[in-house]
Amino acid sequence: MVEIIVISTLIIAISMAFLCIKLVFRKNGRFSSQHIHDSAAMRERDIHCVMDQDREMRRSNRLAVSERTN
């Protein structure tokens, strides 16, 4: 039982060390944004986050597919 805790703690410590090293060597010491709207590749494909898509649908007053009546 103690061995599992020691090994788990060691794995977590090594992971944290790698993250710290990455922060030190990154430009401005920051991670890049992981949001869809910040990705150039997603913007080129005209892919938005769900919040932006919802906002666009509400502005245009169009109904989503599941909200349409037959």
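Residues numbered from 1 in each chain as written. Predicted model: local features only at pLDDT ≥ 70, side-chain atom pairs only at ≥ 80, totals over all residues. Heavy atoms only, no water.

(A) Highlighting the overall build of the chain. Secondary structure summary: the chain contains three helices and zero strands in total. Listed N to C, the secondary structure of the chain is α-α-α in terms of helices and strands. A total accessible area of about 7,000 Å² is found for the chain, and carbon and sulfur atoms account for 61% of it. (Helix = DSSP H or I, 4+ residues; strand = E, 2+ residues; numbered from the N terminus. Areas by Shrake-Rupley, 256 points an atom, 1.4 Å probe, with all protein chains shown as cover.)

(B) Expanded view of a nonpolar patch on the surface. A surface patch of nonpolar side chains, amounting to about 680 Å² of accessible area, comprises Leu10, Ile14, Phe18, Ile21, Val24 and Phe25. Inspection of the secondary structure puts Phe18 in helix H1 (residues 2-25). (Patch = residues over 30% accessible without salt bridge, like charges linked within 9 Å, V, L, I, M, F, W, Y side chains within 5 Å. Salt bridge = Lys/Arg side-chain N within 4 Å of Asp/Glu carboxyl O.)

(C) Region of interest: the confidence of the model for the chain. Averaged over all residues, the pLDDT of the chain is 79; the fraction at 70 or higher stands at 79%. The lowest-confidence element of the chain is helix H3 (residues 50-60), averaging 79 in pLDDT; the highest-confidence one is H1, averaging 90. (pLDDT = per-residue confidence, 0-100.)

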